[in-house]
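# Descriptive analysis of the structure
Letter by letter, the chains look like this.
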Amino acid sequence: MRILISGSTGFLGTALIDVLGREGHTIVRLVRPGTGNRDVGGAPAKTARWDPVGGQFDAATTEGADALVHLAGASIADGRWNAARKNLLRISRIEATRHLIGALSKLKQPPRVIVASSAIGYYGDRGDETLTESSAPGNDFLAGLCREWESESARGTEFGARVVMLRCGIILAAHGGALPRMALPFKMGAGGRLGDGQQWMSWLTLAEAVGIFRFALTNSGLAGPTNAVSPNPVQNGEFTRILAKTLHRPALFPAPAFALRLALGEMADALLLVSQRVKPSKLEQSGYRFAQSELPAALTEVFRKQ
């Protein structure tokens, strides 16, 4: 396949490109001015200039691509959520996606498949409720962001594309994402549960995320919002215990909810104290086979590869 990829320099994009490149697919990275190239499978990836702020799009290079993997978006966790940061998160997801889908719609031969990133933040804080793709959205900032983000991605159906919006859980990798910051206190002997530890955490490994994106690209029966999580979420107290055991460290120092809120503001409730017990119903019904479905084995494998 000839695959366009936005957000290709992130830890998920990098891992996905490496796998797709080795499989023989042609990768076209959608890059903004000033972004460098990188190697894929021993050969340089093709690039197409894309600047949603300036309204630029390299139609000639993107024409005739089979698929788009849309990963672009500023990091949710890099910076306190003040008004300026929230605006950046919206622009980098909603407005950028609107520009990209609009530009693709003008091609003579737009992609037949779009696999777009979303997040389980769509559901908000739901306690012990089991959440499937048919569950209602939440009502906080992150839930609203995900709703609008998915709505812009879904516009790809207007030019006949099969669109899959993958609502990703916490992606576990030793070199990127949330896990290194979560593991650091444990490595220093000062780790512990977050808040009361009762909140549900829905997770998947980086390798699993790559596998799910690959599956979504080729499985013609999969479309619409799709939960990209392990079938076995755990509560934070259990996650903490397993992480400490994997790292051979104690878990004796819980972080009180009030302290997390004081340090991080709104982000603490949305990212650390939120409870989301998410089930990957559509993936299971579509026949996807999980490589890592249990947290102890998954964390052992993640840290073995670091």
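In the block above lies the structure referred to throughout.
What counts and how
- Residues numbered from 1 in each chain as written.
- Predicted model: local features only at pLDDT ≥ 70, side-chain atom pairs only at ≥ 80, totals over all residues.
- Heavy atoms only, no water.
- Buried < 20%, exposed > 50% of the residue type's maximum accessible area, 1.4 Å probe, protein only.
- Helix = DSSP H or I, 4+ residues; strand = E, 2+ residues; numbered from the N terminus.
- Pairing = 2+ DSSP bridges.
- Axes fitted to C-alpha atoms, helices over the stretch in contact; angles between N-to-C directions.
- Parallel < 35°, antiparallel > 145°, perpendicular 65-115°, else oblique.
- Left-handed = near helix turned anticlockwise from the far one by under 90°.
- Contact = heavy atoms within 4.5 Å.
- Nonpolar A, V, L, I, M, F, W, Y, C, P; charged D, E, K, R; others polar.
- Expected span 1.5 Å × (residues − 1).

Burial within strand S14 (residues 224–228) is extensive, with 4 of its 5 residues counted as buried. Bridge count between strand S10 (residues 162–168) and S14: 5 bridges; the pairing is parallel. Across the sheet, residue Cys168 finds its bridge partner in S14, namely Ala228.

It is the contact of helix H1 (residues 11–22) with helix H6 (residues 206–218), at a shortest axis distance of 10 Å, that shows an interaxial angle of 60°. Between H1 and H6, the angle is such that the two are oblique. Once H1 is placed against H6, the crossing between them reads as right-handed. On the side of H1, the interface is formed by Phe11, Leu12, Ala15, Leu16, Val19 and Leu20, while H6 contributes Leu206, Ala209, Val210, Phe213, Arg214 and Leu217. Counted by class, the contact of H1 with H6 contains 11 nonpolar, no polar and 1 charged residues.

Spanning 13 residues, helix H4 (residues 141–153) covers 19 Å between terminal C-alpha atoms, matching the ideal 18 Å at 1.5 Å per step. Burial analysis of H4 places 10 of its 13 residues in the buried class, the great majority of the element. Every buried residue of H4 is listed here: Phe141, Leu142, Ala143, Gly144, Leu145, Cys146, Trp149, Glu150, Glu152 and Ser153. In this fold, the buried residues of H4 make contact with strand S7 (67–70), helix H3 (83–105), strand S8 (113–119), S10, S14 and helix H9 (266–272).

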